[in-house]
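Descriptive analysis of the structure
Take a look at the letters that make up each chain.
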Amino acid sequence: MIARRGELPGWVDLGLLPLLNLLAAFVVSGLIVVLLGENPFRAVELLVWGAFGYGEAIGYTLFYATNFIFTGLAVAIAFHCGLFNIGGEGQAYLGGLGVGLVGLYLGFLPFALILPLAVLAAALFGGFWAFVPGWLQARRGSHVVITTIMFNFIAAALMTYLLVNVLIAPGQQGPESATFAENAWLPQLHDLLEAVGIEIPFSPLNLSFVFGLLCCLLLWVFVWQTRWGYALRVVGQNEAAAVYGGISPARQIMLAMTISGALAGFVGLNEIMGAQHRLILGFTGGYGFVGIAVALMGRNHPVGIVLAALLFGALYQGGSELSFDMPRISRDWVVVIQGLVILFAGALENLFRPYVVALFARRLPAEAVA
Amino acid sequence: MDQIFLQTLLLTDSTLRLAAPLVLAALAGLFAERSGVVDIALEGKMLGGAFAAAATAAVTGSAWIGLLAAIGFSIGLAMVHGFACITTRGNQVVSGMALNITVAGLAPTLADAWFGQAGRTPLLGEGARFTPISLPFAETLRGVPVLGPIYAELISGHNILVYAAAAAVPLVAWIVYRTRFGLRLRAVGENPSAVDTAGISVTAMRYQALIVTGVLCGIAGAYLSTAHNASFIRDMTAGKGYLALAALIFGKWRPVPALCACLLFAFTDAVQIRLQGTSLPLIGTVPTQAIQSLPYILTVLLLAGFVGRAVAPKAIGTPYVKER
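The residue count restarts for each chain, going from 1 along the sequence in the order it is written. Chains and ligands are labelled by the order in which they are written, letters from A for the one and numbers from 1 for the other. Owing to the predicted nature of the model, reporting of local features is limited to residues with pLDDT of at least 70; listing and counting of side-chain atom pairs is limited to 80 or more, with chain, interface and lining totals taken over all residues.

Digging into the overall build of chain A
Numbering of helices and strands starts at the N terminus; helices are DSSP runs of H or I of at least 4 residues and strands are runs of E of at least 2. The helix and strand tally for chain A stands at 17 helices and zero strands. For 370 residues, the compact-globule estimate of 2.2 N^0.38 gives 21 Å, and the C-alpha radius of gyration of chain A, at 21 Å, lies within 12% of that figure. Using C-beta atoms placed from the backbone, we call a residue buried if 20 or more other C-beta atoms fall within 10 Å of its own, exposed if 12 or fewer do, and partly exposed for counts in between. Expressed as a percentage of its 370 residues, the buried residues of chain A come to 55%. A sequence separation of at least 24 residues applies to 76% of the contacts in chain A between residues at least 6 apart. With the radius of gyration taken over C-alpha atoms, the globule rule is written as 2.2 Å times the number of residues to the power 0.38. Contact criterion: two residues are in contact if their C-beta atoms, reconstructed from the backbone, are within 7 Å.

In structure tokens form, the structure reads like this:
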């Protein structure tokens, strides 16, 4: 998170450099396709078609993007406070548990009551799973990175236990809960639009997408337009200055982690309430980790996060289509791309910077001096 | 009585088998972290090593060439980590995460494309894996009461990588505490500018430490796919890299305590496998998940200072910037 402002024009810092990093990740991913003996350009063509080529594909792309918006925002708010939350996976898992409990046990309520309860449950469960590591860092000095990794494993064990022993539907072979009553389902967009006479193809895309965009707006307001967000950013950038300014870093750390966990927990809304309509094992499918890539690509800004989430949503959806058309390329290739994007956009973010800085220093000598 | 003795023996035996990769990976992490580089990519390097070993052994029919491939691939990953963290001064946790995810995707992608068995490698035959070694007189001494079975069951009959893991602990302890390299390693993780002042390159030290990390992770990976199992399976490390990291922290970044933590974690795993579905007197059925998550809960408690105190090397996680 080395940000040296003023060294480069804003559009280079926020646009060109991330694009260069992304390009590098794509080039390496393309080389892997060559290694597998396929044509990378044909692969890209199939991937883009698989992600945007027809209505159903777009629906799925946006559905996946919804998960990535939530986990991306979760990583970003923690980053703003100088924290690295790797626990999105576990927090999303717990958030899904909260949603699942509402769906299973409060399914008799009217939808208008279930919806806010489910949102609250997702936020509470996910938030709690991040609050504890936050509290441990703030009050006991244990590093949030290690604690959140441990919490991912504890969450996985807990969910397996609950699904195998407690929540499993009677007579069910695999560990999954009963299906929720239908009024505990989040309406899918194709149903909603059909009601007003617009026909779109079937996909699990649901109201969570709209909620995700709303969260982006709320996060922007919170981080940049309120004093709470300001305090949070001060702690992230300079803890000593925060203490000097009368801000308690411990409180901000706990607050940032709780919000982060709550956002990650909303993955449960999209996956459990919007698509699965029951609790299953492993529904988080690595979304929490992809959130790191999304936040890094999106430069921790809601607009960037939406764009990056769309990119990763397209990769997810297009990647699975691609694996049908090119059997030599498995779905796992998309995971490689995610890893490489995190590598180039995150860990190697300083790789191209010195060259770009040198380039601009030469081209704009007057400005650089001023 | 005999039954209890035999059960204990078998449990200890499987503890050793499960501990071997943890020990190797924890020692690997020790070098990286003692030099000041956070390494959450133990998982990825192990997984990469496991794949490289199984794939190479399947093609060449030699477990040893597989082991070399695993070490080579793992060092390569460690060097990428080093380039990102040391040379470009990137975020070390982000880099580690990136490697873990990349390898988690790359290994099954390559396995799928090369062997066409849904992300696995072919089953390895006899010569292509590390098989149990019978130590001399294991069978003749079996009849000796108490010591005989201990020698025959517990000490003899492991594959060579288990013995390598056992030998690595005193070796690493000696390197870290008794050699010049070890002194510099510890210094560079605590106070890199002092090391720099003494005319030793911080960059070179950290790269060297990461090479050792790569070697040990490679062996750990090869153990998983060519000794403990007979092929590479998708995600076969299943969090062992993170568990090794937890053991390293639990052992306060020291070789022998880290070994003890690995044995403890492996023991919980062995107990968990043994207890599956059985009911204990008084306690009833213990959920296996509770035992499985025990190492993670213990690590959280330790880090929070509820059981002892773990203090990380001082310079860990911060890239070194030479003063100009």
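Now that the structure has been shown, we can carry on.
Details of the nonpolar core
When a protein is soluble and globular, its nonpolar side chains tend to lie buried together. By our criterion, buried Ala, Val, Leu, Ile, Met, Phe, Trp, Tyr and Cys residues that link up through C-beta atoms within 7 Å make up a nonpolar core. Core analysis: the biggest nonpolar cluster contains 234 residues, and L24(B) and A247(B) have the highest contact counts within it. The element that contributes the greatest number of residues to this core is helix α3 (residues 55–80) of chain A, accounting for 16 residues. With sequence-adjacent residues up to four places away left out, A247(B) is seen in contact with L22(B), A26(B), A258(B), A261(B), C262(B) and F265(B).

Examining the interface of chain A and chain B
Contacts between the two partners involve 40 residues from chain A, matched on the other side by 35 residues from chain B. Secondary structure elements with two or more residues in the side of chain A that touches chain B: α5 (111–140), α6 (144–166), α13 (287–297) and α15 (332–347) of chain A. The leading source of residues in the side of chain A that touches chain B is α6(A), at 12 residues.

Some words on the packing of helix α4 (residues 88–105) of chain A against α5(A)
Residues and elements named next belong to chain A. As a packed pair, α4 and α5 sit with axes 7 Å apart at the nearest point and diverge in direction by 145°. Helix-helix and strand crossings are classified by hand; for α4 and α5 the assignment is right-handed. Of the residues in α5, those in contact with G90, Q91, A92, L94, G95, L97, G98, V99, L101, V102 and G103 of α4 are I114, L117, A118, A121, A122, L124, F125, G126, W129 and A130. We call Asp, Glu, Lys and Arg charged. Ala, Val, Leu, Ile, Met, Phe, Trp, Tyr, Cys and Pro are nonpolar, and the rest, Gly among them, are polar. For the contact of α4 with α5, a count of residues per class yields 15 nonpolar, six polar and no charged. Inter-axis angles, ranging from 0 to 180 degrees, are taken between N-to-C directions of lines fitted to C-alpha atoms, where helices are fitted over the stretch in contact. Crossings are classed by handedness, with left-handed meaning an anticlockwise turn of the near helix from the far one by less than a right angle and right-handed meaning a clockwise turn.

Remarks on the confidence of the model for chain B
All names here are of chain B. What pLDDT expresses is the predictor's confidence in each residue, scored from 0 to 100. On average, chain B scores 88 in pLDDT, and the residues at 70 or more come to 95%. The weakest mean pLDDT in chain B belongs to helix α5 (residues 138–141) at 76; the strongest belongs to helix α10 (residues 202–228) at 95. Here the predicted complex carries an ipTM of 0.88, next to a pTM of 0.88.

Details of the environment of P201(A)
All names here are of chain A. Note on placement: P201 falls in the loop between α7 (189–195) and α8 (208–225). The sequence separation of P201 and I86 amounts to 115 residues, and the corresponding C-alpha distance is 35 Å. Not counting residues up to four positions away in its chain, the partners in contact with P201 are G55, E56, G59 and H190.

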